[in-house]
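Here are the chains, one letter per residue:
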Amino acid sequence: MSIQTKNWTAQINRMPGDSFFRTSGIVTVAHPGVTPKLVMTQVQDASHHLRLELILENSNENTLQVLTEKAVEYKTLGNSDVTGVSIYYKNERISHITNITITH
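Residues numbered from 1 in each chain as written. Predicted model: local features only at pLDDT ≥ 70, side-chain atom pairs only at ≥ 80, totals over all residues. Heavy atoms only, no water.

J.: Just to check I follow, could you spell out the sheet that holds strand 7 (residues 92-97) for this structure?
T.: What links the strands of a sheet is backbone hydrogen bonding, and the strands pair in either a parallel or an antiparallel sense. If you trace the four strands from one edge of the open sheet to the other, you get 3-4-6-7, paired in mixed fashion. Whereas interior strands pair on both sides, the edge strands pair on one side only; in this sheet they are strand 3 (34-40) and strand 7. Each neighbouring strand pair of the sheet contributes to a mean axis angle of 25 degrees, computed without reference to strand direction. Here strand 4 (residues 49-58) runs beside strand 6 (residues 84-89); their pairing, made up of five bridges, is parallel. Looking across to strand 6, one finds that H49 is bridged to G84. (Pairing = 2+ DSSP bridges. Helix = DSSP H or I, 4+ residues; strand = E, 2+ residues; numbered from the N terminus. Axes fitted to C-alpha atoms, helices over the stretch in contact; angles between N-to-C directions.)

Next comes the structure, spelled out in structure tokens:
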């Protein structure tokens with residue numbers, strides 16, 4: 001199954017008292033009742049490359065069947081040395097981010 005996504009970004013914030021790592025993007029879902037989520041996979045390699053899985057959760061609400069773009073974000077607090085992010089959906093890589101924005 002193919003899925004449409006766009007505008008993937010990754011950021012390391014090193015501001016004192018507010019350090020975090022964040023990845024975000026836009027996912028096109030089948031209807032407004034679907035919520036996209038990013039979770040860290042259990043299998044990670046030894047490098048500083050992060051592997052995330054995109055999961056689509058269905059609310060089972062009655063909604064119109066209209067394609068809807070929704071924002072999705074993965075965020076973890078604390079210091080980070082992530083050098084890249086791969087995002088997978090059903091074991092297929094759908095995005096690869098190597099340009100990490102670092103804010104000080």
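Having seen the model, we can carry on.
J.: Even after reading the chapter, I still don't get the sheet that holds strand 2 (residues 20-29), so can you show me in this structure?
T.: Ordered by their spatial adjacency, four strands build an open sheet running 5-2-1-8, and the pairing between neighbours is mixed. In this open sheet, the two strands that pair with only one neighbour each are strand 5 (68-77) and strand 8 (100-103). Neighbour-to-neighbour, the strand axes of this sheet turn through a mean angle of 20 degrees, independent of strand direction. Both strand 2 and strand 5 contribute to a ladder of 10 bridges, which runs antiparallel. By the bridge assignment, S24 is partnered in strand 5 with E73.

J.: I keep staring at unusual backbone geometry and nothing clicks. Help me out?
T.: Glycine aside, residues mostly have negative phi, and peptide bonds are mostly found in the trans state. Look at N60: it is not a glycine, yet its phi comes out positive at around 60 degrees. Mapped onto the fold, N60 is located in the loop between strand 4 and strand 5. At N91, a position not held by glycine, the phi torsion is positive, near 65 degrees. A relative accessible area of 65% means that N91 is categorised as exposed. (Buried < 20%, exposed > 50% of the residue type's maximum accessible area, 1.4 Å probe, protein only.)

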